[in-house]
Structure formats: structure tokens, C-alpha cells
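Summary of structural features
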Amino acid sequence: MNRTVLPIALVTLFAVSTHARAADWAPVKGRIMTRWASDVSPQDVHAEYPRPQMVRKQWTNLNGLWDYAIRPKGKPRPGEYDGNILVPFAIESALSGVMKKVGGENELWYRRTFTAKRNENKRWLLHFGAVDWQATVWVNGQQVGQHKGGYTPFSFDVTDQLTDAAEQELIVRVWDPTDKGFQPRGKQVENPGGIWYTAVTGIWQTVWLEPVPKTYIRSLKIVPDIDKGIARFDVDVVGGKAKRLLIDVSVTGARDSSHTEEVGEEFPTTSGVNIAPPGKHIDYPVFAEAKKLWSPSEPWLYDVEIEILENGNVVDRVTSYFGMRKIEIKKDSRGVNRMFLNNKPLFHFGPLDQGWWPDGLYTAPTDAALKYDIEVTKRLGFNMCRKHVKVEPARWYYWCDRLGLMVWQDMPNGDRHIRPGAADLKRSAESAANYRREFKELIDAFGNHPAIVTWVPFNEGWGQFETDKVLAWTKKYDPTRLVDGPSGWTDRGTGDIYDVHHYPGPAMPAVEKKRAVVLGEFGGLGLPVEGHLWWSKRNWGYRTYKTRGELRSNYARLMRKLRPLYAAGLAGAIYTQTTDVEGEVNGLMTYDRKIIKHTAEEVAAIHRKFYQPPPIIKITTLLASSEKKPQTWRYTTKKPADGWQKAGFDDTDWASGPGGFGTRTTPGTTVRTMWDTADIWIRRDFDHQGKIEGALSLRIHHDENAVVYLNGTRIASLDGYTSGYTEIELGEKAGKALRDGKNTLAVHCHQTVGGQYIDLGLVDVVEKPGKD
């Protein structure tokens, strides 16, 4: 049996008619653009086959120039249109050629024509990759269907609406209330700013036409079982009298591994019934010839071809692929819950991935651009990403499958939000039903991708409702993946994972008996790069630096602080974020993807340490902080005389009090001495004997900027604030400053706004390699 190669370019079956020439289109200028924007052309925009997990050779790409019109909601179809728009780019984007707002008070109309010949032996399927949010579709004046949901593919059989005319007319009407409705919307708002981005309305993924036989494969579900060495197939066949199914499987990249088997009995097939009787699956012995597992380091995939036979003749054929992998929570050799991939523990480490583009907003300018983000993520040494409150086109997941990047997939948020610690949201019946329907569509559409290993039903309190029920349903519906619940803020004790957010962090909750614990968001270190900004002002990060050197050194320090948490039982960590997005400048790359802010080789080397067994870390206290027990310091809030930081300085006129120092309203602090002025200076003498075995480090909680001295030598300058106690490695200068006998630790802490706090101690941190 010959295998079908995945098409990577447009297959032209029929002449496609448009009412505008390509010369009429140009991207709207005024915003930064990616380098791929210059490759966008109306003649071949997103020409790659859009459904890589169920491929047929014959298809027609309907991307390109369409007519568009913006009209008040409820008005009839426009008699005239406003101009041309480049599909599949949202109308608010530069690459659409329009870059206009629509708003919930209006509707967006599209029109184009296409050619398709009626044939009594074929059906015509009209596919939409995604349309945000409510799409109503007409062909030749007849309504063929309506779909609600901005993130999942949908199709209509338009055969009966075709005429004998040379051209068929296609009309699409879209309504999207953005942040004024209950529907899932992600980070879209009508008035963007901060962590909220530009609205996206209308068609934003490929539109295409596909001829199929009367008896055809409507969908595939492939579930791997590496312990049994099988893949379970559910093949949904529509129409006809198909009685036999052929499956051919081979390993991508392996030789002499093709294994063909005829499976199935004489199963009668009617419309809407699987090729196998209800409740019966087809179990294929994948490991009979070649045993290859999918993982980030070795993303082996099996190609598969499926044929439907009637009276011995092939009536439909599709090609697909799948990966043999298993994800679960188990205890490691130390008795700590970890995430296990293919029966081995693996730390999940990657960026929060928003998936936004300055020129295309929700839509990458080209398939190469879509692939680039994944390639850079791999180059930086990550093994996963968390796709944040957005769903991507199928080809993004295809590249994750091929290149080996695990995905935690968020369900986009909608409706209202709750604050940390609040009770679950009470949604309306319509809102709750819509969430469940769209979430199920998401799992059904992308459930075959081996790269997706975790579903994330809720981010923080955004739309969080009936948490326990939603998490339990998700696990029952797809027991082959982990369920995070929820990511950040208000945990309910259910799901596979206890997920906390801590900026800049890092931090972790106590390990649990049944669930793994992860740091679902942290970091957010910002660096605005002039010439690569969405806005000249209003840019921000959780910590913002002025130079790449500052960013890199603080990033390395953040990763060092993560190591003890990994040793203590942290199972995964997600850094914010892959790229800058609009006003956010905390990306590993600039928004236009022209600059990677870090040296890839350096950060990859740091990250690779997290894929080794958890280290064994011993922390010895040299000078205790007041974290658990009050420690006495000398302090003053008036600027002291020169030499205040040195040993032997006369501090008899300073006050004496227990740490920590600050205001009691500052979160996460233990204030024993009030400090509410702009500055405080504190000193403490201590005795030390012996050799430092590991890394001399501070155990410190500071809010805000702190300068630390040991025996008069400046050993640390810390900008910003921490939201808890953390270790900060000091380096060689501090080691030389530490003496046998009497020592003096001195600190100046400066406060500008918000809460304030200072307390610290000294520790010796020894890290040794762990064992499996």
C-alpha cells in the first residue's frame, strides 16, 4: 500500500474567482511587522494543507481577497461592500489590509465566489479553520449553517446548495461581542492595555473546499497505549455501504518498518455510524514491527493511511499520523509526585506562549513564522510550552508533534472573573453550556496530537465555575492526558496538578500525596527594545531592565533560585513568556521576532540541568533571618554617617529591634518592627568559623531595592522586590569578604511605592547531583 505524502502547497482543482486583483492589497502600515510579512501574497496566503492529521489529495484553498462590509447588527445583507480583505487575517490586523474595529454593535460581512461542479458521486465540504465568534454561512443565497465558537474548526456540506452556474456565491456574516459577552475570548478586549490585547473579529484561519465521495471518513480518533503496544482507532464513516477498512502504519524516519494489516469484520455502515459497531474499537499492533516512542528529545511519529472499501474498491483514502506516548502522575524514587512521560519522570519546563503577532494578531503571517516560534523554544532548551488562553491552527500542533514540543493547552477564558480565594463563578445556563460545548470541540479537534499532554480548563479565576465538575469531566472524557486545575489562584484540591503563579518568583506549594505541584507562571522579566515596540510608552514587565546584560544576569539568578524547588518536589515551571505582546515587554523574543533577547546556547545549558535527576541540596544557616524566629538588628531611618556599612562602626545611637522591618499590610511578610519611611539602614554582627562548602547565599525578602554589605564590601545590589523569602547566590567577592570570627552584615533598603519589607540572613547552599 502506497503512502500519501502530506501536501505542502496549494492543490488547485478548480478556478477560484475573486473580485479584486492582488495589486489592490497591501498591509496597513504604522505598526511593527515581522520579517515574514513581506512574504504574504493574496495569491498563495497560507497555502499549506490545513488539516495535517486527516489529509486528502484534492482540496481548494479559499484564502485570498474577499469583499467585506461592516454594518450595524441585525441589518440585512449589504448591497455594496466596503472593500477587500485578505483572508485569513482578522479585520483588526495590518495584514488584512483593513485594520478596522468592528465591535459588538456591528456585524462583519464577507463575500466571494468559487467554482465547483455538481457531481452525483461527490459531496462538497466547506471548511473553516476558525472564525471569531458567531458565523452564519450562505451559499447561493441559502443558509447552510451557523457556528458559535472562535477557536475550533467547523464544516458544512454545501452540495445541495450548488447550482449549475459557473460561479457559486459564498457569504459569511460574523458577530463578536469581544469582552462584552460570555463567550471564550482569551485576552481580547475592546480597549487594550496592560495584559489585555487588541480584539480579533471574523475569519482568522484557512477557509477551504474539499470534494469527498458519498461514503467518506468524517473523523479519526487515535489513542496510543504504549504498555500494550497498540493504537486504538475510531474511524467515523458517513454514508454508503462500506464493509471493510484497511490501515497501513509505518514509522517516520525508520527503514523496513512498514506493517500493513487488514482489520475489521463485515460491519454494515449507515450514515453517522462508525465502521466498527458502537462501543467497538480497532486495536492496531503498532509495536509488532518497530517500537518507537514520542518524546521531546526523540519525536518519533507513525504515518498511517486509512482506506474505505466498497465491494473491494477504494472509495475514500486519508493519511494521518500519531505518536506513541504516555503521560501520567507517579511517584519518583524519593516518593515525590512527578509527571512521567513514557514511564520516566520528566520535569516540564517551558514558556507561557500567547501566540500573538504584530502584523496578523491571532494569525501568523506564514507557516514558516508559525514554525519559527517552536524552533526558537526548542533552541532555548525548553521541552514544552503552555498555550495561553488561545487555540492555534492545526498546523501549529503539527509542528509541535514533528519537532518535539510538549503542549499544555489552555481553554480560552470567557464570562466574568473571580478574585483569588473567591467562590466559583455562577454562570448563566447559556454561558455554562457554551463553555462546555466549545471545550469539548477543542478536545475533539486536537485530541490526536501527541504533543498535547495537559488540558488546562481554567486560567486563574478567569471564568472559573463548577471547578470540580469541569475537571472531573475533562479527565473522564480524555483519561490519556493530565488535567491542570486550575492554573493559578484559587485551587479546589482536584485535578492532577496543583498549579501556583508567583511573579517574579520562583515559589512552590507544599508537595501533595496525590497531585504533582507546578509553578504555572513565574518570571516575566522585561526588556523594552527600541525600534521593536508596539507602543512607544505604556510598556511593562513584572521586572523591567535597561540592558540585555542586566536581563540575562537576572534571568540566570532566577533559574538558580528554581533549582532548590526542583529538588524539593516541583514538577514543572512555566516562564512568562515566549515573546513580547503589545504593551508587554517580558518576552524571550521581541514582538516582531527580530531579536532573541538571550544567548540561546547559554540559557539552553541552564535549562538542560532541569532534565537531569533532581539535585540533592543541603542548606546550612550561617546567620538566621527572622522568617521563623525574630532576630535582633540595629537600625535607623535617617541617613547615617559614612562608613555605616563597615565592621566597627559606632551604631550606639541607632535603635534596636527584631526583624523583619516593614508595613504589616505588605503581603507575605512577618513584620515585627514597623518601618514606613522611604529608607532604612540595618546592621547586625555575627560570629563565623569554618569553610563554606557550597555557595554562600542570601536568604532574603526585600521590598524594594536593597544594597547588601559584608564587612564593608558590597556583595549584592537587588532591584525591585520579592514576594517571599528566597536564596540569592553571592559569588566570589562575598566569599572573600567573610571572615573567621566577628563579621558585620549591613543593608540599605529603599522604598518607592506600595508595600515595603526587609529581612535577611546568610546560608551555605550545597548542591550534589541526584540519582534516578
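First, a word on scope: everything that follows refers to the structure included in this document.

Parameters and conventions
- Residues numbered from 1 in each chain as written.
- Predicted model: local features only at pLDDT ≥ 70, side-chain atom pairs only at ≥ 80, totals over all residues.
- Heavy atoms only, no water.
- Helix = DSSP H or I, 4+ residues; strand = E, 2+ residues; numbered from the N terminus.
- Rg over C-alpha atoms; globule rule 2.2 N^0.38 Å.
- Buried < 20%, exposed > 50% of the residue type's maximum accessible area, 1.4 Å probe, protein only.
- Contact = heavy atoms within 4.5 Å.
- Lys, Arg positive; Asp, Glu negative; His and termini not counted.
- Charge placed at Lys NZ, Arg CZ, Asp CG, Glu CD.
- Core = buried A, V, L, I, M, F, W, Y, C linked by side-chain atoms within 4.5 Å.
- Phe/Tyr/Trp six-rings, centres within 6.5 Å; stacked < 30°, edge-to-face > 60°.
- Lys NZ or Arg CZ within 6 Å of the ring centre and 35° of its normal.
- Pairing = 2+ DSSP bridges.
- Axes fitted to C-alpha atoms, helices over the stretch in contact; angles between N-to-C directions.
- Salt bridge = Lys/Arg side-chain N within 4 Å of Asp/Glu carboxyl O.
- Polar contact = N/O pair within 3.5 Å; in protein donor to acceptor, adjacent residues only side chain to side chain.
- Parallel < 35°, antiparallel > 145°, perpendicular 65-115°, else oblique.
- Nonpolar A, V, L, I, M, F, W, Y, C, P; charged D, E, K, R; others polar.

Details of the overall build of the chain
Each helix and strand counted, the chain has 7 helices and 46 strands in total. Its C-alpha radius of gyration of 29 Å places the chain within 12% of the 28 Å reference for a compact globule of 772 residues. For the chain, the spread of C-alpha atoms along the principal axes amounts to about 100 × 60 × 45 Å. For the chain, with 772 residues in total, the buried portion stands at 60%. Counted over contacts in the chain with a minimum sequence separation of 6, partners at least 24 positions apart contribute 72%. Both charge centroids of the chain, one from 103 positive and one from 94 negative side chains, sit 3 Å from each other.

A closer look at the nonpolar core
Core analysis: the largest hydrophobic core is formed by 95 residues, its most contacted members being Phe349, Trp408, Phe522 and Leu562. In terms of residue count, helix H5 (residues 548-568) provides more of this core than any other element does, 7 residues in total. In this structure leucine 562 touches Phe349, Pro506, Leu519, Phe522, Leu570, Ala573 and Phe610, once residues within four positions along its chain are discounted. Val98, Phe128, Val172 and Leu209 belong to the second-largest nonpolar core, a separate cluster that totals 31 residues.

Brief notes about the packing of aromatic side chains
One pass over the structure, following the stated rule, counts 45 aromatic pairs. Note on tryptophan 36 and tryptophan 357: the rings are 6.3 Å apart at their centroids and 85° apart in plane angle, and the pair reads as edge-to-face. Of this pair, tryptophan 36 sits in the segment before strand E1 (60-61) while tryptophan 357 sits in the loop between strand E25 (348-353) and helix H1 (367-379), and the two are 321 residues apart along the sequence. The two residues tryptophan 36 and tryptophan 357 agree in class, both being buried. Ring centres 6.0 Å apart and planes at 80° place the aromatic pair phenylalanine 458 and phenylalanine 465 in the edge-to-face group. Here phenylalanine 458 falls in the buried class, since its relative accessible area comes to 1%. Using a relative accessible area of 1% as the deciding quantity, one classes phenylalanine 465 as buried. Counting every residue linked through ring pairs, the aromatic cluster contains Tyr435, Phe439, Phe458, Phe465, Trp473 and Tyr477. Positioned above the aromatic ring of tryptophan 399, the side-chain terminus of lysine 371 is 4.3 Å from the ring centre. Here the basic side chain of arginine 593 rests over the ring of tryptophan 357, its NZ or CZ set 3.6 Å away from the ring centre.

Quick word on the sheet that holds strand E10 (residues 168-175)
The antiparallel open sheet is built from 6 strands, whose spatial order is E3-E2-E4-E10-E7-E8. Across the chains shown, the open sheet's two edge strands, defined by having one partner strand only, are strand E3 (83-87) and strand E8 (142-148). Strand-to-strand, the axes of this sheet are offset by a mean angle of 30°, without reference to chain direction. Sheet topology places strand E4 (residues 106-114) next to E10; 7 bridges connect them, and they run antiparallel. Along E10, the bridge assignment pairs tyrosine 110 with valine 172.

Quick notes on the pattern of salt bridges
One pass over the full model with this rule turns up 47 salt bridges. Its salt-bridge partner being arginine 56, residue glutamate 210 comes within 3.1 Å of it at the nearest N-O pair. Of this pair, glutamate 210 sits in strand E14 (residues 207-213) while arginine 56 sits in the segment before E1, and the two are 154 residues apart along the sequence. The residues glutamate 210 and arginine 56 share a single accessibility class, namely buried. Residue arginine 563 pairs with glutamate 767 through a salt bridge whose shortest N-O separation is 2.5 Å. With arginine 563 in helix H5 and glutamate 767 in strand E46 (residues 757-768), the pair connects residues that are 204 residues apart, well separated along the chain. Looking at arginine 563, the relative accessible area reads 10%, which means it is buried.

Regarding the side chain of serine 487
On the secondary structure map, serine 487 appears in strand E29 (residues 482-487). Polar contacts involving the side chain of serine 487 include one to the side chain of histidine 501, which spans 2.8 Å.

Topic: the packing of H5 against helix H6 (residues 600-608)
Closest axis-to-axis distance for the H5/H6 pair is 11 Å, and the angle between their directions is 5°. By the angle between their axes, H5 is roughly parallel relative to H6. Seen from H5, the contacting residues are Tyr555, Ala556 and Met559; seen from H6, they are Val603, Ile606 and His607. Taken together, the residues of the contact of H5 with H6 sort by class into 5 nonpolar, 1 polar and no charged.

Considerations on the sheet that holds strand E31 (residues 516-523)
Here 8 strands make up a closed barrel; going around it, the order is E25-E26-E27-E28-E29-E30-E31-E34 and the pairing parallel. For this sheet, the mean angle separating the axes of adjacent strands, direction not counted, is 25°. As paired elements, strand E26 (residues 384-387) and strand E27 (residues 406-410) share 4 bridges and run parallel to each other. Within E27, the position partnered with lysine 387 by the bridge is glutamine 409. Sitting on the sheet, helix H2 (residues 394-403) touches E26, E27 and strand E28 (452-456), and the angle it makes with E27 is about 150°.

Focus: unusual backbone geometry
Looking along the chain, the bond that leaves aspartate 132 and enters tryptophan 133 is cis, with omega of 10°. On the secondary structure map, tryptophan 133 appears in the loop between strand E6 (131-132) and strand E7 (134-139). The phi dihedral of asparagine 342 falls on the positive side, at around 55°, and the residue is not glycine. Note on placement: asparagine 342 falls in the loop between strand E23 (337-341) and strand E24 (344-345). Even without being a glycine, asparagine 711 presents a positive backbone phi close to 55°.

Focus on the environment of leucine 405
With respect to the helices and strands, the residue leucine 405 is situated in the loop between H2 and E27. Along the backbone, leucine 405 and asparagine 383 are 22 residues apart, and their C-alpha atoms lie at a distance of 5.5 Å. In this view, leucine 405 contacts Trp294, Ile374, Thr377, Lys378, Phe382, Asn383, Met384, Cys385, Cys400 and Ala451; residues no more than four positions away in its chain are not counted.

Worth remembering: the numbers are spatial, not functional.
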